[in-house]
Amino acid sequence: MGRFQKTLVSAFVFFLFILPLIISATEEENECGGSNGGGSAAEKATVLKYKIGAFFSILVAGVLGVCLPIFGLKSESNFFMFVKAFAAGVILATGFVHILPDATESLTSPCLGEESSWGDFPMTGLVAMAAAIVTMLIESFASGYLNRSRLENGDKTLPVSTAGDKEEHSHIGSAHTHASQGHSHGSLLVPQDDLRKKIVTQVLELGIVVHSVIIGISLGVSPSVSTIKPLLAAITFHQLFEGFGLGGCISEAKFEIKKIWIMVLLFSLTAPAGIGIGIGVAEIYNENSPMALKVSGFLNAAAAGILIYMSLVDLVAPLFMNHKAQSSMKIQLACSFSLILGAGLMSLLAVWA
């Protein structure tokens, strides 16, 4: 797990530092709108105060959102299932309602001009689909690699809980039967559920933080208070809800405490880091330059594909097909309501951001 996690973090850090350099290095070529360098000194000072306030507001919202499910809820309770459903709705709406339309707008902008070599081809859908496929392959190959590594290291047994709550071990290729439940478990080459949850959570966070940096930059380069005010409120709630969704996944994956804090900090700091980057390049940055549109468009499309795939395949489907949900109409209805509530509230935020 350590190597896989380090790869994701390294990719994100590379992206975080390279993105503003790519954007700022190409601003002189831009012919569609000017930079954000206008305005009096007093206006700039007021705008900067709002941006600094946004930095701390969004940071607190992110920390609060991601920590509540991790440290405030028991993963075995019915309420935690409802929280997971709400979180899945939030992540699903983030992909469909927030990120995908932004990517489409960027990659079909008239400001691309002759720079757009794909013409009328639906590039956003292609990138989102490719990202979803790659996500599935990463999950599959990472799970297989980790499982094979475990077997090669001589760990050929996995714990199995019995009806009497005693822990036994089942060997590869054998079948273990629960007499009290009347069913059996086959080959243990299938990865453990908690191992898969850890991989899912890390890939999910990668998709979320890419989008968080981009929306942070959009706030950081905003030139006026009238633009910043609605963005501030919307992005604060956006990070709160998104953090809640990610926190539920982190809690269920049962990481070590050190890795939990790394993931909490990685999520919480990305949008504020984006704001800092935006403030730094605000004088030269133009969001309508061809390079800026391409970079944000492709990254948003990829993030949308990741979040849509993972919310449906890794969050919604397992939750609703869970034995606990299937055996109780009340739990099923409550999970359905929570899913719709999460998706609805997150979709509503699209009115402002």
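Residues numbered from 1 in each chain as written. Predicted model: local features only at pLDDT ≥ 70, side-chain atom pairs only at ≥ 80, totals over all residues. Heavy atoms only, no water.

As recorded in an unreviewed UniProt entry, the chain goes by the name Probable zinc transporter 12, listed as coming from Raphanus sativus. Under the UniProt heading Sequence similarities (unreviewed entry), the note attached to the chain is "Belongs to the ZIP transporter (TC 2.A.5) family." UniProt lists a comment for the chain under the heading Subcellular location (unreviewed entry), and it reads "Membrane". (UniProt positions renumbered as here; feature names shortened; annotations may be inferred.)

J.: Got a minute to help me understand the overall build of the chain in this structure?
T.: The number of helices and strands found in the chain is 10 helices and 4 strands. The secondary structure elements of the chain, listed N-terminal to C-terminal, are α-α-α-α-β-β-β-β-α-α-α-α-α-α. The buried share of the chain, taken over its 353 residues, is 47%. Sequence separation of 24 or more characterises 82% of the internal contacts of the chain that already satisfy a separation of 6 or more. Roughly 17,400 Å² of accessible area belongs to the chain as shown, and the carbon and sulfur atoms make up 65% of that amount. (Helix = DSSP H or I, 4+ residues; strand = E, 2+ residues; numbered from the N terminus. Buried < 20%, exposed > 50% of the residue type's maximum accessible area, 1.4 Å probe, protein only. Contact = heavy atoms within 4.5 Å. Areas by Shrake-Rupley, 256 points an atom, 1.4 Å probe, with all protein chains shown as cover.)

J.: Would you take a moment to explain the environment of Ala132 for this structure?
T.: Position of Ala132 relative to the elements: it lies in helix α4 (residues 123-152). For the pair Ala132 and Met310, spaced 178 residues apart in the sequence, the C-alpha separation amounts to 8.1 Å. Setting aside residues no more than four positions away along its own chain, Ala132 makes contact with Gly305 and Tyr309.

J.: How should I be thinking about the environment of Ile91 in this particular structure?
T.: On the secondary structure map, Ile91 appears in helix α3 (residues 78-107). Distance from Ile91 to Ala343, taken between C-alpha atoms, is 7.6 Å for residues 252 residues apart in sequence. Those residues within four positions of Ile91 in sequence are excluded, and the remaining contacts are Leu204, Gly245, Leu307, Ser311 and Leu315.

J.: When you look at helix α6 (residues 225-253) in this model, what are you seeing that I'm missing?
T.: Taking 1.5 Å as the rise per residue, α6 with 29 residues should run 42 Å; its terminal C-alpha atoms sit 41 Å apart, in good agreement. Counted residue by residue, α6 has 22 buried out of 29 residues, so it is predominantly covered. Backbone geometry just downstream of α6 places Lys254 in the positive-phi region, at approximately 55 degrees. (Expected span 1.5 Å × (residues − 1).)

J.: Sorry if this is basic, but what is going on with the nonpolar core here?
T.: Ranked by internal contacts, the top residues of the largest apolar core, which has 43 residues, are Val66, Leu204, Leu246, Ile250 and Met310. Mapped by element, the contributors of at least two residues to this core are α2 (41-72), α3, α4, α5 (193-220), α6, α7 (257-281), α8 (290-320) and α10 (329-348). Residues within four places of Leu246 in sequence aside, it is in contact with Val66, Thr201, Leu204, Glu205, Ile208 and Phe267. Membership of the second largest hydrophobic core comes to 12 residues, among which are Val47, Val225, Ile228 and Leu232. (Core = buried A, V, L, I, M, F, W, Y, C linked by side-chain atoms within 4.5 Å.)

J.: In this structure, what is going on with the UniProt feature "transmembrane region" (unreviewed entry) in the chain? I would like to understand it.
T.: With numbering matched to this structure, UniProt assigns "transmembrane region" (unreviewed entry) to residues 48-72, 79-101, 121-142, 203-225, 262-285, 297-321 and 333-352. For residues 48-72, the end-to-end C-alpha separation is 35 Å, with 100% helix and 0% strand making up the annotated structure. The annotated region residues 79-101 carries 100% helix and 0% strand content, and the separation between its end C-alpha atoms amounts to 32 Å.

J.: Explanation requested: the packing of aromatic side chains in the structure shown.
T.: Tallied over the entire structure, the rule returns 5 aromatic pairs. An angle of 25 degrees between the planes, with centres 5.4 Å apart, marks the rings of Phe71 and Trp261 as stacked. Of this pair, Phe71 sits in helix α2 while Trp261 sits in helix α7, and the two are 190 residues apart along the sequence. You can call Trp261 partly exposed: its relative accessible area is 40%. Consider the rings of Phe237 and Phe241, whose centres lie 6.4 Å apart with planes at 45 degrees: the pair is tilted. Of this pair, Phe237 and Phe241 both sit in helix α6, 4 residues apart, which is roughly one turn of the helix. Residue Phe237 is classed as partly exposed on the basis of its relative accessible area, which comes to 43%. (Phe/Tyr/Trp six-rings, centres within 6.5 Å; stacked < 30°, edge-to-face > 60°.)

J.: Please clarify how the pattern of salt bridges should be interpreted in this entry.
T.: Close approach of charged atoms lets side chains of opposite charge pair. Counting across every chain of the model gives 2 salt bridges. Between Glu252 and Lys84 there is a salt bridge, with its nearest N and O atoms 2.7 Å apart. Here Glu252 is found in helix α6, whereas its partner Lys84 is found in helix α3, with 168 residues between them in sequence. Note that Lys197 is salt-bridged to Glu252, the shortest N-O span being 3.4 Å. Pair noted here: Lys197 is in helix α5 and Glu252 is in helix α6, with a separation of 55 residues, a long-range link. One salt-bridge network, in which partners are shared between bridges, spans Lys84, Lys197 and Glu252. (Salt bridge = Lys/Arg side-chain N within 4 Å of Asp/Glu carboxyl O.)

J.: How do you make sense of unusual backbone geometry when you look at a structure like this?
T.: Trans peptide bonds make up the majority, and among non-glycine residues the majority have a negative phi. Positive phi values are uncommon outside glycine, yet Lys254 reaches one of about 55 degrees. With respect to the helices and strands, Lys254 occurs in the loop between α6 and α7.

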